[in-house]
Amino acid sequence: MHRREYVLPAIQREFVWSRDKITRLYDSLMRGYPIGSFLMWQVQEGNSGRFAFYDFMRDYHEPDNAHCAPTGPLGSRAITAILDGQQRLTALNIGLCGSFTAKLPRMCECGPYGAS
């Protein structure tokens, strides 16, 4: 992911999992439960420039960094685009190498219920 060998095609939705969902994924892994399969698209060398791709989220911050960044030009090398499993792989990436910051319910910059 960090070397952009695995990327997200532009047709993928944004990362939407909550902290609880990420926790349940790790719980399933630690208990040895199956977590589903992945569907990958091998984009052949020379074809990656024909499509738009995005990087995997590493440091999710709901108010300020909730969107995957475009990869920009990838050259002509072969890549693997993730068609199914993006939420799981992103959750693993965040849990192993990144961070997750969510906005607390009913909280704003001026306090829990607004200015007094």
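Each remark here, short or long, concerns the structure printed above.
### Focus on the overall build of the protein
Right, so step 1: Scanning the protein from N- to C-terminus turns up two helices and six strands.
Right, so step 2: Taken from N to C terminus, the helices and strands of the protein fall in the order β-α-β-β-β-β-α-β.
Right, so step 3: Classification of the 116 residues of the protein by burial places 30% in the buried group.

### Looking at the packing of aromatic side chains
Right, so step 1: Enumeration according to the criterion identifies three aromatic pairs in this entry.
Right, so step 2: Centre to centre, the rings of W41 and F53 are 6.1 Å apart; their planes meet at 45 degrees, and the pair counts as tilted. Placement of the pair is W41 in strand β2 (residues 39–43) and F53 in strand β3 (residues 53–54), with a sequence separation of twelve residues.
Right, so step 3: An aromatic cluster of three or more residues is present, and its members are W41, F51 and F53.
Right, so step 4: Above the plane of the ring of F38 lies R88, whose end atom (NZ or CZ) is 4.7 Å from the centre.

### Considerations on the pairing of strand β5 (residues 79–84)
Right, so step 1: When strand β1 (residues 6–9) meets β5, the two strands line up parallel, connected through two bridges. The residue of β5 that forms the bridge with V7 is A81.
Right, so step 2: Bridging between β2 and β5 involves five bridges; their strand directions are antiparallel. Residue pairing across strands places Q42 opposite T80, the latter belonging to β5.

### Structural notes on helix α1 (residues 19–31)
Side chains of residues three or four places apart in an α-helix project in the same direction, reflecting 3.6 residues per turn.
Right, so step 1: Here α1 is 13 residues long and its end C-alpha atoms lie 18 Å apart, about the 18 Å a rise of 1.5 Å per residue gives.
Right, so step 2: Buried residues along α1 sit against α2 (86–97) and β6 (99–101).
Right, so step 3: Looking at the residues trailing α1, positive phi occurs at G32, about 80 degrees.

### Comments concerning the nonpolar core
Right, so step 1: Ranked by internal contacts, the top residues of the largest apolar core, which has 16 residues, are F15, W17, I22, Y60, A91, I94 and F100.
Right, so step 2: Residue assignment for this core shows that the elements contributing at least two residues are α1 and α2.
Right, so step 3: The leading source of residues in this core is α2, at four residues.
Right, so step 4: Setting aside chain neighbours within four positions, we find I22 in contact with F15, W17, A91 and F100.

### Section: the sheet that holds β5
Right, so step 1: In space, the four strands of this open sheet follow the order β2-β5-β1-β3, with mixed pairing throughout. Edge positions in the sheet fall to β2 and β3, since each has one partner strand and no second.

### Considerations on the pattern of salt bridges
Right, so step 1: Inspection of every chain in the model, using the stated rule, returns four salt bridges.
Right, so step 2: The partner of R3 in a salt bridge is E5, with the nearest N and O atoms 3.0 Å apart.
Right, so step 3: Note on R3: relative accessible area 63%, which makes it exposed.

What counts and how
- Residues numbered from 1 in each chain as written.
- Predicted model: local features only at pLDDT ≥ 70, side-chain atom pairs only at ≥ 80, totals over all residues.
- Heavy atoms only, no water.
- Helix = DSSP H or I, 4+ residues; strand = E, 2+ residues; numbered from the N terminus.
- Buried < 20%, exposed > 50% of the residue type's maximum accessible area, 1.4 Å probe, protein only.
- Phe/Tyr/Trp six-rings, centres within 6.5 Å; stacked < 30°, edge-to-face > 60°.
- Lys NZ or Arg CZ within 6 Å of the ring centre and 35° of its normal.
- Pairing = 2+ DSSP bridges.
- Expected span 1.5 Å × (residues − 1).
- Contact = heavy atoms within 4.5 Å.
- Core = buried A, V, L, I, M, F, W, Y, C linked by side-chain atoms within 4.5 Å.
- Salt bridge = Lys/Arg side-chain N within 4 Å of Asp/Glu carboxyl O.

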